[in-house]
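# Fold and geometry: a report
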Amino acid sequence: MDLGDLDVSQLPRRRKETGWLKVASRPDGGDWRLPFLYVTGKADGPTLLVIAGVHGDEYEGVEAIPLIFQSVQPDALRGTLLMVPVCNMPAYEAATRSSPLDGLNLARVFPGDANGSITQRIAHGVTEKLMKGSDLLIDLHSGGVTYHIPTLVGYSQSEDDLGRRSLAAARAFGAPILWGHPPPVPPGRSIRAAVDLGVPWIYTEAAGGGFARPEDVALYRDGVLRVMQGLGMLEGAPAPGPVTHHLVGSGDLDQVILASVAGYYRTEVGLLDEVKAGQRLGVVQDFFGQVLAEIRADRDGVVIMLRRLARVQAGDGLAHLTSHLG
Ligand SMILES: [Zn+2]
């Protein structure tokens, strides 16, 4: 089916199906398609959209979504569960963060463009055909090949209805770290498209590394099922694990500490370390062990993201610091 022809309000009730949604044609005569899984309940209720693979080198959600699908039965479901385990299929094929076809980062082009290049078309289709009308968006990410991020759930920290629903979903998801983001969400993200549609959102991060850790896959699976309980889509009350850190910050990973020179990056701090402004976080060195640049904290804060890929070009992101709530 063409994604542009999809009308999720017309999906048959009490069904559980997998299929493919066409987003663009390929030069070989085939189609670029997105995998699509849905479950419609016996009873009416909320619509939940779960997406993964917005970045093509992040695998936790790709692995968790089929497990969620296996766990949800139509007779036990109120409402509709929509899931896309890989959104940026060209990037997934290349095992890269951004698309090799147009060079675009899908997480920077929402809400997309129906007449744009393939990444823009994917964003447009996901926004218009799946996100619009949903009651919650869950966007499953991780650090991918390049970055290292602790397992966390991000939410909209705002005093409005969208913020309250976002926090409730984040708490139900049950990641050990909650990371609140006061508005506005920077442009281009899936969660920004959600805000603009009035759809509450959460997203997740985990270690990444070019593979998925079993504990992160299990959390992503159980977390989505707990959110569905919280929304009244499944029976039972969510019983999330303990929160170890409640953090707050922009969450804008475009605003990171950058490498001033190219070289080999050696980090000297760990995730969730508390650092002081000016503290050395790591060094960029050459092949003879000479330090080319000392990388220092741009503020007091908690280390929430570190570069994992040691080879750096000038301008590459190395670390991001955030704050404790309150
Ligand atoms: Zn990502």
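Keep in mind it's a predicted model, so treat the numbers as computed, not measured. (Residues numbered from 1 in each chain as written. Predicted model: local features only at pLDDT ≥ 70, side-chain atom pairs only at ≥ 80, totals over all residues.)

Helix and strand counts for the protein chain stand at six helices and 18 strands. Computed over the C-alpha atoms, the radius of gyration of the protein chain is 20 Å, within 12% of the 20 Å expected from 2.2 N^0.38 for a compact globule of 326 residues. Seen through its principal axes, the protein chain has C-alpha atoms that stretch 65 × 50 × 35 Å. Every one of the 326 residues in the protein chain was classed for burial, and the buried ones make up 47%. For the protein chain, restricting intrachain contacts to residue pairs at least 6 apart in sequence, the fraction spanning at least 24 positions comes to 68%. (Helix = DSSP H or I, 4+ residues; strand = E, 2+ residues; numbered from the N terminus. Rg over C-alpha atoms; globule rule 2.2 N^0.38 Å. Buried ≥ 20, exposed ≤ 12 C-beta atoms within 10 Å, placed from the backbone. Contact = placed C-beta atoms within 7 Å.)

Two elements, strand β8 (residues 177-181) and strand β10 (residues 245-248), share four bridges in a ladder whose sense is parallel. In the strand pairing of β10, W179 is matched with L247. Both β10 and strand β18 (residues 317-324) contribute to a ladder of two bridges, which runs antiparallel. By the bridge assignment for β18, V248 is matched with S323. (Pairing = 2+ DSSP bridges.)

Take the nonpolar core next. By size, the foremost hydrophobic cluster in this structure holds 91 residues, and its most contacted members are L48 and V50. Viewed by domain, this core spans two of them, domain 1 (3-248) and domain 2 (257-324), each represented by three or more residues. Not counting the four nearest positions on each side in its chain, V50 is found in contact with I65, I68, M83, I138, L140 and V224. (Core = buried A, V, L, I, M, F, W, Y, C linked by C-beta atoms within 7 Å. Domains from an automatic or database assignment.)

As far as domains go, the protein chain holds domain 1 (3-248) and domain 2 (257-324). Here the C-alpha centre of domain 2 lies 30 Å away from the C-alpha centre of domain 1. Each partner contributes to the interface: domain 1 provides 12 residues, whereas domain 2 provides 12 residues. Among the elements of the structure, β6 (147-148) and β10 are those that each provide at least two residues to the side of domain 1 that touches domain 2. The element contributing the most residues to the side of domain 1 that touches domain 2 is β10, with three residues.

For the rest of this paragraph, the subject is the pairing of strand β16 (residues 301-307). Counted residue by residue, β16 has seven buried out of seven residues, so it is predominantly covered. With two bridges joining them, β6 and β16 adopt antiparallel strand pairing. In the strand pairing of β16, H148 is matched with L306. Note that strand β13 (residues 274-275) and β16 share two bridges and pair antiparallel. Following the sheet pairing, V275 is matched in β16 by G301. Alignment of β16 against β18, held across four bridges, turns out to be antiparallel.

Attention shifts here to the packing of helix α4 (residues 161-173) against helix α6 (residues 214-230). Running from N to C, α4 and α6 cross one another at 130°; their axes reach a closest spacing of 7 Å. It follows that α4 is oblique to α6 by the angle criterion. Note on packing geometry: the crossing formed by α4 with α6 is right-handed. Where α4 approaches α6, its residues A168, A169, A172 and F173 are matched on the opposing element by G223, R226, V227, Q229 and G230. Here the residues of the contact of α4 with α6 are counted per class, giving five nonpolar, three polar and one charged. (Axes fitted to C-alpha atoms, helices over the stretch in contact; angles between N-to-C directions. Parallel < 35°, antiparallel > 145°, perpendicular 65-115°, else oblique. Left-handed = near helix turned anticlockwise from the far one by under 90°. Nonpolar A, V, L, I, M, F, W, Y, C, P; charged D, E, K, R; others polar.)

On to helix α1 (residues 60-71). The first and last C-alpha atoms of α1 sit 17 Å apart over 12 residues, in line with the 16 Å expected at 1.5 Å per residue. What α1 keeps buried is the set E60, G61, E63, A64, I65 and I68. Contacts from the buried residues of α1 go to β2 (31-40), β3 (43-52), β4 (78-84), β5 (136-140) and α6. (Expected span 1.5 Å × (residues − 1).)

Cis geometry is found at the peptide bond from F110 to P111, where omega equals 5°. Tracing the chain through its elements places P111 in the loop between α2 (89-94) and α3 (118-131). Looking along the chain, the bond that leaves P183 and enters P184 is cis, with omega of 5°. For A95, which is not glycine, the phi dihedral falls at a positive 55°. Position of A95 relative to the elements: it lies in the loop between α2 and α3. For L272, which is not glycine, the phi torsion reads 70° and is therefore positive. Assignment of secondary structure puts L272 in the loop between β12 (263-267) and β13.

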